[in-house]
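Here's the letter readout for the chains.
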Amino acid sequence: MQNLSGYLNAFFFGIYPYIALTVLFIGSWVRFDREPYTWRSGSSELLRHKSLFIGSNLWHVGILVVLAGHFVGLLTPAPWYESLGFTIQDHQMLAMVAGGIFGSMAWVGLTILVVRRFGDKRILRTSSVSDLYILILLWIQLTIGLSTLPISWSERHAPLDTLLVSQWAQHIVTFRGGAAELVAGIRLDIKIHMILGMTILGTLLPFTRLVHIWSAPIWYLFRRYQIVRTRFRPGTSRRG
């Protein structure tokens, strides 16, 4: 059993990150190149606009700050922020407070969007399977992430877990060996959060509406015009 646990840890935290990153970049590039007009969020704005406005804004503001915090927090070496007078405990406290505030904001917004999507039959009928699937996965991921905060707050070794996860991420992006061993002893809930995050951002993002996370308005300047024609029905006037 211990050997199986070691193999799983080596795969999910030593090999799987590179699979996810490869699918993320190649999949996104292929989709943009071959299917540029599917590169969108697929808005259902015309239906229940008020709940969409509130939920979408809470979700996007919250998750953008959370993602930025994860990116900076994970990839900043400890000596860098220690040179500015921040300790590992300060780094952990800042991550929990900011993550708690903006993560809760994103969770409330996403919950509104989930209720709207599944609670309105018209919106549900216009939703693809991937729309529903990714929405539920995001909600689960965000819930798991927020649930780790109270435990981390109460545990004295939580800053060490944060440091180890940061070192793991830095080893992965710099192609250094031994990354999986760094996180072998961290809590299971954090491991699940990491695996699901890699799955969503890596292997699912290029093939769902999440692909628009890459987008900026300037990209639309380089797309060819899309020609839209109305369908002509025999016996009706073309002008009518």
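Here the structure is a predicted model, which means the values were calculated and not measured. (Residues numbered from 1 in each chain as written. Predicted model: local features only at pLDDT ≥ 70, side-chain atom pairs only at ≥ 80, totals over all residues. Heavy atoms only, no water.)

## Here we look at the packing of helix α4 (residues 88-119) against helix α6 (residues 129-154)
Piece 1. Two elements in contact, α4 and α6, have axes separated by 9 Å at closest approach and are oriented at 150 degrees. Accordingly, the angle class assigned to the pair α4 and α6 is roughly antiparallel. The chirality of how α4 crosses α6 is left-handed.
Piece 2. Among the residues making up the contact of α4 with α6, the classes are represented as 17 nonpolar, eight polar and two charged. (Axes fitted to C-alpha atoms, helices over the stretch in contact; angles between N-to-C directions. Helix = DSSP H or I, 4+ residues; strand = E, 2+ residues; numbered from the N terminus. Parallel < 35°, antiparallel > 145°, perpendicular 65-115°, else oblique. Left-handed = near helix turned anticlockwise from the far one by under 90°. Nonpolar A, V, L, I, M, F, W, Y, C, P; charged D, E, K, R; others polar.)

## Quick word on the environment of Gly-27
Piece 1. Residue position: Gly-27 is located in helix α1 (residues 2-34).
Piece 2. It is 7.5 Å that separates the C-alpha atoms of Gly-27 and Phe-207, two residues lying 180 residues apart in sequence.
Piece 3. Here Gly-27 is in contact with Thr-22 and Pro-206, once residues within four sequence places are set aside. (Contact = heavy atoms within 4.5 Å.)

## With respect to the nonpolar core
Piece 1. Trp-59, Leu-110, Leu-138 and Ile-200 are the most contacted members of the largest nonpolar core, which totals 20 residues.
Piece 2. When residues of this core are traced back to their parent elements, those giving at least two are α2 (49-75), α4, α6 and α9 (188-204).
Piece 3. With six residues, the top contributor of residues to this core is α6.
Piece 4. With residues up to four places along the chain from it excluded, the contact list for Leu-138 reads Trp-59, Leu-110, Ile-200 and Leu-210.
Piece 5. Formed by 15 residues, the second largest nonpolar core is a distinct cluster that contains Phe-13, Val-165, Ile-186 and Met-194. (Core = buried A, V, L, I, M, F, W, Y, C linked by side-chain atoms within 4.5 Å. Buried < 20%, exposed > 50% of the residue type's maximum accessible area, 1.4 Å probe, protein only.)

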